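Coordinates in review
Next come the chains, spelled out residue by residue.
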Amino acid sequence: MCVCELAFVLGIKQPSVSRHLKKMKDAGIVDSEQDGLWTQYFLSKKRNVVSTSFVRDLSACLDGEALIRKDAKMAHRADRQDLYTAG
């Protein structure tokens, strides 16, 4: 997802999302690649032991949580073209 999509889903401002993504990228949890105008963020495929454990444990803790289900639905509705033109 791009920053604008994540901001839409989480209901927070884009600079906050960018700061958090930078910290997660520095920790090896997420990675990014350029996709035209946007930077696409995704879980890193080259995780280290700590980041792998973190993602696994976090997934186990959040599995089935109502807020996570709500965010997943919002993620399916996030459209970067619409968000870009609206912003």
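Above this text sits the structure in question.
A brief look at the structure comes next.

Among the eight residues of helix H1 (residues 3-10), six are classified as buried, and the element is accordingly described as predominantly covered. Listed as buried for H1 are Val 3, Cys 4, Glu 5, Leu 6, Ala 7 and Val 9.

Counting across every chain of the model gives zero disulfides. Distance from the sulfur of Cys 2, which forms no disulfide, to the nearest cysteine sulfur (Cys 4) is 3.0 Å. Residue Cys 2 is classed as buried on the basis of its relative accessible area of 1%.

Attention shifts here to the pairing of strand S2 (residues 38-43). In this structure, strand S1 (residues 30-35) lies alongside S2, joined through six bridges in antiparallel fashion. When the bridges of S2 are listed, Val 30 appears paired with Leu 43.

Turning our eyes to something else, we now look at the environment of Leu 37. Checked against the element boundaries, Leu 37 lands in the loop between S1 and S2. The exposure class of Leu 37 is exposed, given its relative accessible area of 64%. Taking the C-alpha atoms as reference points, Leu 37 and Cys 2, separated by 35 residues in sequence, lie 9.9 Å from one another.

Right, let's talk about the pattern of salt bridges for a bit. It is possible for side chains bearing opposite charge to pair when their charged atoms get close. Taken as a whole and assessed by the stated rule, the structure comprises six salt bridges. The salt bridge involving Arg 80 is made with Glu 5; its shortest N-O contact spans 3.1 Å. With a gap of 75 residues between them, Arg 80 in helix H5 (residues 80-86) and Glu 5 in helix H1 connect regions that are remote in the sequence. Note on Glu 5: relative accessible area 9%, which makes it buried. Here the salt bridges do not stand alone but share partners, grouping Glu 5, Asp 35 and Arg 80 into one network.

Rules used in this analysis
- Residues numbered from 1 in each chain as written.
- Predicted model: local features only at pLDDT ≥ 70, side-chain atom pairs only at ≥ 80, totals over all residues.
- Heavy atoms only, no water.
- Buried < 20%, exposed > 50% of the residue type's maximum accessible area, 1.4 Å probe, protein only.
- Helix = DSSP H or I, 4+ residues; strand = E, 2+ residues; numbered from the N terminus.
- Disulfide = S-S within 2.5 Å.
- Pairing = 2+ DSSP bridges.
- Salt bridge = Lys/Arg side-chain N within 4 Å of Asp/Glu carboxyl O.

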